[in-house]
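Overview (structure and organization)
Here is what each chain is made of, one letter per residue.
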Amino acid sequence: TESAAALLEKAWDMLPKPERGLAALAGKLQQLEGNAEAAIQQYEIETKSEGQESRVNQFYSIARLYAQLGKKTDSLKWLKEAFDTGFNAKLVMKYD
């Protein structure tokens, strides 16, 4: 079977423009592989896509990654953006 990275690469190559959600998948893959900076870049691409729900989740993911990197100011900026656009997953935050 192909790896997740290879499948994502194939999907990027097949599409004339990035499909909504594809950057989020790439970001999650980078995050799981421990590449926080690369994950942030992918999630930021996804924040420019249409659909508020997608953006809200990506804002929160970016905030978490910046916190993991010790970049408190950047983390708080993105956390505020998440709350300002409707993020309200208190259970998620409780365990993060």
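Just so it is clear, the structure is predicted and the values come from calculations on it, not from any experiment.

Details of the pattern of salt bridges
This model, assessed by the stated rule, comprises two salt bridges. Of the charged contacts, one joins Lys71 and Glu37 as a salt bridge, the two residues approaching to 3.2 Å between their closest N and O atoms. Of this pair, Lys71 sits in the loop between helix H4 (52-68) and helix H5 (72-84) while Glu37 sits in helix H3 (residues 36-47); the two residues are 34 residues apart in sequence, bridging distant segments of the chain. The class for Glu37 is partly exposed, based on a relative accessible area of 41%.

Some thoughts on the confidence of the model for the chain
Averaged over all residues, the pLDDT of the chain equals 82, while 85% of them reach at least 70. Here helix H6 (residues 90-95) stands out as the least confident element of the chain, with mean pLDDT 74; H5 is the most confident, with 93.

Details of the nonpolar core
Of all hydrophobic cores here, the largest spans 14 residues; its most connected members are Ile62, Leu65 and Trp78. Mapped onto this core, the elements with two or more residues apiece are H3, H4 and H5. Among the elements that make up this core, the one with the highest residue count is H4 (seven residues). Aside from chain neighbours lying at most four places away, what touches Trp78 is Glu44, Thr47, Phe59, Ile62, Ala63 and Tyr66.

A closer look at the packing of aromatic side chains
Scanning all chains against the criterion turns up three aromatic pairs. When the centroid spacing of 5.6 Å and the interplanar angle of 40° are considered together, the rings of Phe59 and Trp78 count as tilted. One end of the pair, Phe59, is in helix H4; the other, Trp78, is in helix H5, with 19 residues separating them in the sequence. Comparing Phe59 with Trp78 shows no difference in burial state: the two are buried.

Considering the environment of Gly86
Within the secondary structure, Gly86 sits in the loop between H5 and H6. Residue Gly86 is classed as exposed on the basis of its relative accessible area, which comes to 52%. Sequence separation of Gly86 and Arg55 is 31 residues, and the distance between their C-alpha atoms is 9.8 Å.

Some thoughts on the environment of Ile40
As for its placement among the helices and strands, Ile40 is situated in helix H3. For Ile40, a relative accessible area of 3% translates into the label buried. On a C-alpha basis, the gap between Ile40 and Leu65 in space is 7.0 Å, while along the polypeptide they are 25 residues apart. Those residues within four positions of Ile40 in sequence are excluded, and the remaining contacts are Ile62, Leu65, Tyr66 and Leu69.

Conventions used here
Residues numbered from 1 in each chain as written. Predicted model: local features only at pLDDT ≥ 70, side-chain atom pairs only at ≥ 80, totals over all residues. Heavy atoms only, no water. Salt bridge = Lys/Arg side-chain N within 4 Å of Asp/Glu carboxyl O. Helix = DSSP H or I, 4+ residues; strand = E, 2+ residues; numbered from the N terminus. Buried < 20%, exposed > 50% of the residue type's maximum accessible area, 1.4 Å probe, protein only. pLDDT = per-residue confidence, 0-100. Core = buried A, V, L, I, M, F, W, Y, C linked by side-chain atoms within 4.5 Å. Contact = heavy atoms within 4.5 Å. Phe/Tyr/Trp six-rings, centres within 6.5 Å; stacked < 30°, edge-to-face > 60°.

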